Amino acid sequence: MQSLTNISLKTIVKKQVKWKVKLNISALSSLVIVQIIFAVLTSSFGSGSYGSGSGNLDVHFSIYSLDIFLIISAIWAFIVALLFTAKAYRIDDLSVVSSRTSSTIANILVMIIYSFIAVILMISTYYLQVLGILLVEKKSFVIDHLFISPSVFILCFSSICLFGAIGLLFGTSLKGPVVIKLFLSTFILFSFIYIFMAPNSINLGSLIMLPNIMISVLYMLVATLCFSLTIWIANKSEVSRK
Amino acid sequence: MNIIQCEELSKSFGRRHALQRVTCAIDAEKIIGIIGRNGAGKSTLLNIFAGYLKPMTGSCKVFNENPFNNIQTAANMIFIDDRLSFSDYLSLEDILKMGADFYPNWQNELAYRMLDYAGIDLTAKHQQLSKGQLATFNLVYGLVSRCSLTILDEPMNGMDEAIRTDFYRAILKEYLAFPRTFLITSHHLQEMESILEEILLIDEGSVIAHAPLDEFKEQLISLHGPSDELADLLSETEVYAQKIVAGVTSAVVDASKLFISEEILRTKGIKVSALTASEVCMYLTNKKGRDIDAIFD
């Protein structure tokens with residue numbers, strides 16, 4: 001009898017990651033395009049601006065920061081993660097050696113790699129925006145930090161990763177067993193009711209005051225929890241090809 | 001040696017019972033036809049073998065392991081049907097490269113030769129292929145992967161007759177070159193009879209027959225003769241179909257319940273003839289009392 005092929009999960013995941021990174025590269029080009037559009041749109045006022053005047057003196061400040069690019073990247077990560085769990089992508093996975101576990105782990109790793117690239121792209125776009133303003137509009141700059149610190153880099157990365165993780169968890173839950181779909185619907189419903197009934201009870205002020213590295217660790221922990229839940233749900237899910 | 005072993009397997013979708021207490025064993029290195037009418041439960045059974053669906057009750061072992069979400073089953077199995085899809089960014093050539101990367105026994109040269117024979121352009125995208133070309137490409141993909149368990153769910157759908165005949169030969173040649181288990185479902189049983197070794201017949205979610213092809217065909221026979229001579233005989237056996245025209249009766253009966261020699265039948269003017277596997281399938285799965293003519297009467 002023909003001998004059976006023995007392939008480890010690790011080998012399959014590696015191959016899947018290799019092909020998924022290559023095949024979904026257009027997701028990154030869409031991020032570049034959206035960031036450039038926002039960079040141009042916000043070039044005159046930045047992520048916030050204020051001004052004051054007295055007599056002949058009129059002072060106007062525009063703050064240029066990574067904030068707007070981070071928000072765009074986080075939304076992008078959520079949408080891309082949702083797309084990864086779409087039916088077309090899941091059916092494509094069945095055309096090669098794969099299991100729900102291997103495909104989900106591969107999606108998570110691709111999401112982490114893309115999040116890292118997204119941070120580099122957003123920082124590059126930010127510098128390009130500042131350079132463009134410096135050369136075209138010839139505004140005076142008060143530079144707070146010329147270089148992005150590692151802690152900001154990690155914070156951006158963990159934020160994008162977190163949104164990607166939520167997207168993957170949300171998308172996988174929607175295609176998961178009925179019990180999980182019911183649980184997810186109930187959770188979302190009660191969350192909305194809670195937010196509308198007691199909007200002041202959610203206080204993010206103390207979270208924002210934490211050092212960057214602490215927030216990053218917190219985000220990474222939540223992202224890890226989301227990734228783990230995604231794998232757990234995927235393991236229990238059947239494949240619907242209809 | 002069995003590569004698939006199912007015990008009391010059941011699966012429902014809502015209130016619909018797709019499979020009911022299916023027990024079967026599939027031997028290694030055989031070409032087996034999984035036959036049944038539309039909605040009989042063939043695809044559900046194959047999806048369980050492939051590890052895509054989880055049975056509600058009973059057990060299923062493929063290569064001695066539970067196939068559900070099992071990477072070892074996935075590594076030794078390929079499931080080809082018309083829903084096979086690939087990324088829009090891949091040309092057929094890229095798809096072959098990807099297949100070679102994932103399947104250790106992949107035969108790239110053979111894939112090129114077969115696709116060239118079928119006149120399929122390798123620079124085309126999977127989505128751009130016609131229905132027949134798509135089926136041909138998918139079948140080639142399944143054959144050249146040389147997996148121990150190759151599941152082909154309606155692989156010839158959309159192919160013209162000439163290419164169908166060629167590819168039945170291709171399946172046989174591939175099987176001889178690299179023996180493995182083929183599970184094939186098809187509505188063209190007559191065409192593929194020549195390559196099948198066994199038939200597993202499913203009806204309304206249950207396995208109603210599983211036997212080598214010759215044995216399967218011998219289950220039913222056709223009797224043709226004077227109605228008065230056949231009347232007594234038919235009352236003693238199970239009749240699957242019966243037609244009386246001008247005092248002559250034609251009937252399909254269960255051969256195992258007919259305790260009379262062919263010699264005696266001949267002396268009574270009753271002609272005995274064998275049925276094709278396709279006809280046996282049709283009669284075994286026919287609903288009693290169901291008649292299309294009755295709708296128009």
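Computed from a prediction, not measured in an experiment: that's the story for all the values here.

Caption draft 1: A look at the overall build of chain A. Helices and strands together make up the secondary structure of chain A, namely 9 helices and 2 strands. Reading the helices (α) and strands (β) of chain A from amino to carboxyl end gives α-α-β-β-α-α-α-α-α-α-α. The C-alpha extent of chain A, read off along each of the three principal axes, is 90 × 45 × 35 Å. Counting over 242 residues, chain A shows a buried share of 38%.

Caption draft 2: The overall build of chain B, seen in detail. Secondary structure assignment for chain B yields 12 helices and 13 strands. Each principal axis of the C-alpha atoms in chain B carries an extent, and together these give about 70 × 45 × 40 Å. Within chain B, the fraction of its 297 residues that count as buried is 53%. The long-range share in chain B, meaning contacts at least 24 apart out of those at least 6 apart in sequence, stands at 68%. Each charge class in chain B can be summarised by its mean position, and for the 28 positive and 41 negative side chains these summaries are 4 Å apart.

Caption draft 3: Here's a closer look at the nonpolar core. Membership of the largest hydrophobic core comes to 69 residues, with the highest contact counts inside it found for Phe137(B), Tyr141(B), Ile171(B), Ile199(B) and Phe216(B). In this structure, this core is formed jointly by two domains, domain 1 (4-216) and domain 2 (218-296) of chain B, each of which donates at least three residues. Among residues more than four places away in sequence, those in contact with Tyr141(B) are Ser95(A), Val96(A), Ile78(B), Ile80(B), Leu84(B), Phe86(B), Ile95(B), Gly99(B), Tyr103(B) and Trp106(B).

Caption draft 4: Region of the structure containing the domain arrangement of chain B. All names here are of chain B. Considered domain by domain, chain B is made up of domain 1 (4-216) and domain 2 (218-296). Across the boundary between the two partners, domain 1 contributes 16 residues, which contact 13 residues of domain 2. Taking both sides of the interface into account, the surface hidden between domain 1 and domain 2 amounts to around 1,200 Å²; carbon and sulfur atoms contribute 55%. Applying the counting criterion to the domain 1 and domain 2 interface returns 0 salt bridges. Those elements giving two or more residues to the side of domain 1 that touches domain 2 turn out to be α7 (189-192), β8 (198-203), β9 (206-212) and α8 (213-217). Grouping the amino acids of the side of domain 1 that touches domain 2 by side-chain chemistry returns 9 nonpolar, 1 polar and 6 charged.

Caption draft 5: Just a negative patch on the surface, in detail. Together, Asp228(B), Glu229(B), Asp232(B) and Glu236(B) make up a negatively charged patch on the protein surface. On the secondary structure map, Glu229(B) appears in helix α9 (residues 227-235).

Caption draft 6: Looking closely at the sheet that holds strand β4 (residues 57-62) of chain B. Residues and elements named next belong to chain B. Pairing in this open sheet of 3 strands is antiparallel, and the strands run β2-β1-β4 from one edge to the other. The outermost strands of the open sheet, each flanked by one partner alone, are β2 (16-27) and β4. Neighbour to neighbour, the strand axes of the sheet diverge by 20° on average, direction disregarded. As judged from the 5 bridges shared by strand β1 (residues 2-13) and β4, these two strands associate in the antiparallel manner. Residue pairing across strands places Ser10 opposite Thr57, the latter belonging to β4.

Caption draft 7: Examining the confidence of the model for chain B more closely. Per-residue pLDDT for chain B has a mean of 91; in total, 97% of the residues score no lower than 70. Predicted complex metrics record ipTM = 0.87 and pTM = 0.88.

Caption draft 8: Structural detail: the interface of chain A and chain B. Listed by partner, the interface residues are 35 residues for chain A and 42 residues for chain B. Between chain A and chain B lies a buried interface of about 3,400 Å² when both sides are counted; carbon and sulfur atoms form 53% of it. Run the count over chain A and chain B and you get 3 salt bridges. Between Lys18(A) and Asp101(B) there is a salt bridge, with its nearest N and O atoms 2.8 Å apart.

Caption draft 9: Structural context of the packing of helix α5 (residues 100-136) of chain A against helix α9 (residues 212-236) of chain A. Residues and elements named next belong to chain A. At a minimum axis distance of 8 Å, the contact between α5 and α9 shows a crossing angle of 155°. Judged on the interaxial angle alone, α9 and α5 are roughly antiparallel. Crossing geometry of α5 relative to α9 is assigned as right-handed. Along its contact with α5, which presents Arg100, Thr101, Thr104, Ile105, Ile108 and Ile112, the element α9 presents Phe227, Thr230, Ile231, Ala234 and Asn235. Split by residue class, the contact of α5 with α9 holds 6 nonpolar, 4 polar and 1 charged.

Here is what the cut-offs are and how they apply
- Residues numbered from 1 in each chain as written.
- Chains lettered and ligands numbered in written order.
- Predicted model: local features only at pLDDT ≥ 70, side-chain atom pairs only at ≥ 80, totals over all residues.
- Heavy atoms only, no water.
- Helix = DSSP H or I, 4+ residues; strand = E, 2+ residues; numbered from the N terminus.
- Buried < 20%, exposed > 50% of the residue type's maximum accessible area, 1.4 Å probe, protein only.
- Contact = heavy atoms within 4.5 Å.
- Lys, Arg positive; Asp, Glu negative; His and termini not counted.
- Charge placed at Lys NZ, Arg CZ, Asp CG, Glu CD.
- Core = buried A, V, L, I, M, F, W, Y, C linked by side-chain atoms within 4.5 Å.
- Domains from an automatic or database assignment.
- Buried area = accessible area lost by both parts, 1.4 Å probe.
- Salt bridge = Lys/Arg side-chain N within 4 Å of Asp/Glu carboxyl O.
- Nonpolar A, V, L, I, M, F, W, Y, C, P; charged D, E, K, R; others polar.
- Patch = residues over 30% accessible without salt bridge, like charges linked within 9 Å, V, L, I, M, F, W, Y side chains within 5 Å.
- Areas by Shrake-Rupley, 256 points an atom, 1.4 Å probe, with all protein chains shown as cover.
- Pairing = 2+ DSSP bridges.
- Axes fitted to C-alpha atoms, helices over the stretch in contact; angles between N-to-C directions.
- pLDDT = per-residue confidence, 0-100.
- Parallel < 35°, antiparallel > 145°, perpendicular 65-115°, else oblique.
- Left-handed = near helix turned anticlockwise from the far one by under 90°.

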